[in-house]
Amino acid sequence: MMMPAMASSRQGSSLACPLALAGCCSPARNAFLIKASSASFDLSSNLTTNSPALWKPSQLASVASHLTPSGLLFHDHTSHDLLCTLAVFASSFVWIRFFDFLVQKNVLEQKLSRKLVHISTGILYALLWPVFSISPWSRYFALAIPFANAVRLLVYGLGIIKDEAVVKSISRSGSSRELLGGPFYYVVALSLCTVFFWRDSPVGIVALAVMCGGDGIADIIGRRLGSIKLPYNPSKSWVGSISMFFFSFAFSVSLLYYYSSLGFYQLNWSSAVQIVALISFSATIVESLPISSHLDDNMSVPLISVLMGSALFPGVLL
Ligand SMILES: C/C(=C\COP(=O)(O)O)CCC[C@H](C)CCC[C@H](C)CCCC(C)C
Ligand SMILES: Nc1ccn([C@@H]2O[C@H](COP(=O)(O)OP(=O)(O)O)[C@@H](O)[C@H]2O)c(=O)n1
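Quantities reported herein were computed from a predicted structural model and do not represent experimental measurements.

Definitions and limits used
The residue numbering used here restarts from 1 in each chain and proceeds along that chain's sequence as written. Note on labels: chains are lettered from A, ligands numbered from 1, in written order. Confidence filtering applies because this is a predicted model: local features only for residues at pLDDT of at least 70, side-chain atom pairs given and counted only at 80 or more, and all residues used for totals across whole chains, interfaces and linings. Heavy atoms from the whole structure form the basis of all side-chain values; hydrogens and water molecules are not counted. What counts as a ring pair is set by centres within 6.5 Å for rings of Phe, Tyr and Trp (its six-membered ring), and what kind of pair is set by the plane angle: stacked under 30 degrees, edge-to-face over 60, tilted for all other angles. The buried label applies to any residue whose accessible area, calculated with a 1.4 Å probe on protein chains only, is under 20% of its type's maximum; exposed applies above 50%, and partly exposed to all values in between. Working definition: residue near molecule or strand if any one of its non-hydrogen atoms lies within 4 Å of it. Polar contacts here mean pairs of N or O atoms no more than 3.5 Å apart (in protein, one a potential hydrogen donor and the other a potential acceptor; neighbouring residues in sequence count only if both atoms are side-chain atoms). Shrake-Rupley sampling with a 1.4 Å probe provides the accessible areas, and residues are treated as covered by the protein chains on show and by no other component. Numbered from the N terminus, helices here are DSSP runs of H or I no shorter than four residues, and strands are runs of E no shorter than two. Amino acids are sorted into nonpolar (Ala, Val, Leu, Ile, Met, Phe, Trp, Tyr, Cys and Pro), charged (Asp, Glu, Lys and Arg) and polar (every other residue, Gly among them). Throughout, nonpolar core names a set of buried Ala, Val, Leu, Ile, Met, Phe, Trp, Tyr and Cys residues whose side chains join them through atoms within 4.5 Å. All domain edges in this entry derive from an automatic or database-based domain assignment. Between two residues, a contact is recorded if the distance between any of their heavy atoms is within 4.5 Å. UniProt positions are given in the numbering used here, feature names are shortened, and annotations may be inferred rather than shown by experiment. Within this analysis, patches are made of residues with over 30% relative accessible area and no salt bridge. Like charges are joined at 9 Å or less; nonpolar side chains (Val, Leu, Ile, Met, Phe, Trp, Tyr) at 5 Å or less. Whenever a carboxyl oxygen of Asp or Glu lies within 4 Å of a side-chain nitrogen of Lys or Arg, that contact is scored as a salt bridge. To estimate how far a helix should extend, the number of its residues minus one is multiplied by 1.5 Å. Axes, fitted as lines to C-alpha atoms, cover a helix only where it is in contact. Angles between the N-to-C directions of the axes lie from 0 to 180 degrees. Left-handed is the label given to a crossing in which the near helix is rotated counterclockwise from the far helix by less than a right angle, and right-handed is the label when the rotation is clockwise.

1. Side note on the packing of aromatic side chains
The final tally for this structure, using the stated rule, is 13 aromatic pairs. Centre to centre, the rings of Tyr258 and Tyr259 are 5.3 Å apart; their planes meet at 85 degrees, and the pair counts as edge-to-face. For Tyr258, a relative accessible area of 28% puts it in the partly exposed group. Members of the aromatic cluster, connected to one another through ring pairs, are Tyr125, Trp129, Phe132 and Trp198.

2. Comments concerning the site of ligand 1
By nearness alone, 22 residues border ligand 1, and Arg114, Lys115, His118, Gly182 and Asn298 come closest of all. Take Lys115: an N or O atom from its side chain is 2.8 Å from an oxygen atom of ligand 1. Within the side chain of His118, a nitrogen or oxygen atom sits 3.0 Å from an oxygen atom of ligand 1. Protein contacts shield 97% of the accessible area of ligand 1, which totals 700 Å² for the unbound molecule. Of all the secondary structure elements, the ones that give two or more residues to the shell around ligand 1 are helix 4 (77-104), helix 5 (110-128), helix 6 (138-157) and helix 8 (182-196). By residue number, the principal contributor to the shell around ligand 1 is helix 5, which donates seven residues. Per-class residue counts for the shell around ligand 1 are 13 nonpolar, seven polar and two charged.

3. Some thoughts on the nonpolar core
Membership of the largest hydrophobic core comes to 62 residues, with the highest contact counts inside it found for Trp129, Ile205, Met211, Leu256 and Phe313. Here this core gathers at least three residues from each of two domains, domain 1 (77-196) and domain 2 (199-318). The residues contacting Leu256, other than those within four sequence positions of it, are Pro202, Ile205, Val206, Tyr265, Leu267, Trp269, Val276 and Phe313.

4. Brief notes about the UniProt feature "transmembrane region" (unreviewed entry) in the chain
In this structure's numbering, the residues bearing the UniProt feature "transmembrane region" (unreviewed entry) are residues 115-134, 140-158, 179-198, 238-259, 271-289 and 301-317. Measuring from the first to the last C-alpha atom of residues 140-158 gives 26 Å, for a span that is 95% helix and 0% strand. Taken end to end, residues 301-317 has its terminal C-alpha atoms 23 Å apart, with 71% of it in helix and 0% in strand.

5. A closer look at a nonpolar patch on the surface
Together, Ile228, Trp238, Ile242, Phe246 and Phe247 make up an exposed nonpolar region whose accessible area comes to about 530 Å². Inspection of the secondary structure puts Ile242 in helix 10 (residues 238-261).

6. Describing unusual backbone geometry
A positive phi is found at Asn106, a non-glycine position, where the angle reads about 60 degrees. Within the fold, Asn106 resides in the loop between helix 4 and helix 5. On the basis of relative accessibility, which here comes to 68%, the residue Asn106 falls in the exposed class. One non-glycine residue, Trp198, adopts positive backbone phi at about 50 degrees.

7. Some words on helix 12 (residues 297-312)
Over its 16 residues, helix 12 runs 22 Å from end to end, which matches the ideal 22 Å to within 8%, given 1.5 Å per residue. For helix 12, every residue scored as buried is listed here: Asp297, Asn298, Ser300, Val301, Pro302, Ser305, Val306, Met308 and Gly309. On its buried face, helix 12 sits against helix 5, helix 8, helix 9 (202-225), strand 5 (233-237), helix 10 and helix 11 (269-288). For helix 12, the capping residue at the N-terminal end is Asp296, with a side-chain oxygen 2.7 Å from the backbone nitrogen of Asn298.

8. A closer look at the pattern of salt bridges
Under the counting rule described, the total for this entry stands at eight salt bridges. Between Arg224 and Glu109 there is a salt bridge whose closest N-O contact spans 3.3 Å. Here Glu109 lies in the loop between helix 4 and helix 5 and Arg224 lies in helix 9, a separation of 115 residues in the sequence. Residue Glu178 pairs with Arg114 through a salt bridge whose shortest N-O separation is 2.8 Å.

9. So, the site of ligand 2
Around ligand 2, the surrounding shell holds 13 residues, and the nearest of these are Arg172, Asp219, Ser237, Ser241 and Glu287. Within the side chain of Lys236, one N or O atom sits 3.1 Å away from an oxygen atom of ligand 2. Ser241 places a polar side-chain atom, nitrogen or oxygen, 3.1 Å from a nitrogen atom of ligand 2. If ligand 2 stood free it would expose 520 Å²; the protein chains cover 83% of that surface. Contributing elements (two or more residues each) for the shell around ligand 2: helix 9, strand 5 and helix 10. Here the shell around ligand 2 takes four residues from helix 9, the largest share from any one element. Taken together, the residues of the shell around ligand 2 break down into one nonpolar, five polar and seven charged.

10. Let's talk about the packing of helix 10 against helix 11
Between helix 10 and helix 11, whose axes approach to 9 Å, the crossing angle comes to 145 degrees. Considering how the two elements wind past one another, helix 10 and helix 11 form a crossing that is right-handed. Two secondary-structure elements touch here, helix 10 through Ser241, Met244, Phe245, Ser248, Phe249, Ser252, Val253, Leu256, Tyr257 and Ser260 and helix 11 through Trp269, Val273, Val276, Ala277, Ser280, Phe281, Ala283, Thr284, Glu287 and Ser288. Its residues assigned to classes, the contact of helix 10 with helix 11 shows 12 nonpolar, seven polar and one charged.

In structure tokens form, the structure reads like this:
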């Protein structure tokens, strides 16, 4: 287990995120040397000892002119986090509207739109966590985004406000009541992973990767190619479940690589990869069981991933 002080020093290495990294390069400085935890970045030569340099010095200088020396958009963490929250929430609104537009123009069918929203929103949300500040409160600002979406789903799902466009892009059948099922559980899972794991632990990230990436792709591939059904569940197929396993694994490893490259934690990769494979396999088995009428996949899949991750990941954090 990481001690809080250690966790915050590791969070300090979120300086590797483009915003924060750029902020360390005030135009007045011509040699940019940042030491954060065990990672050090020499931006003047675009070299790094532990992580890839993310931006070129010219790009950094242009962004830096808009940032404070501490890498924030404002001098205090609260204003920075508030702006990030508003920007990500507005992006989620525009993103869902964009899929609705594609459905209306008959570019995407409704079911495919829902699954692409399912895959993309959670993954983009997890990719954007590093833009929040190192304040211990930043997770609660990030939490406000799925929370506000949960409120939107309740408002539309209960018919308090009617918006056919939103309902069409998120539901399968076009019924507003559907928003209170899978989509609502989905934002609850995002919220719980944000509060309990945030950027300090690989557990929440892997649970989100499996729920968003793995489960989402199982549907897209299974619906199209899944003619051979599972013997114990005629509504799921072999190809859907095999896709779930591979994409859960691929999304998880990619997100873990992203977070460890940014310096949030260091992993023993050979063990971590085995754990991710085990979690992906277990979540695939759970998703394939004929229990979804009792327990939604957006609850059962992150639940098994979190239980296994919490038991197995602490041993592989360096
Ligand atoms: C359609 C969704 C889930 C349905 O799952 P299933 O029943 O088919 O298994 C996803 C619902 C998404 C939600 C309304 C919006 C979530 C937004 C997210 C917190 C932030 C995304 C930000 C980003 C920049 C787009
Ligand atoms: N393991 C899986 C999962 C889904 N699928 C396909 O995807 C469809 C929807 O899956 P699901 O019932 O899990 O859907 P959601 O409730 O997650 O939207 C199924 O009817 C199958 O055609 C599959 O073939 N194999």
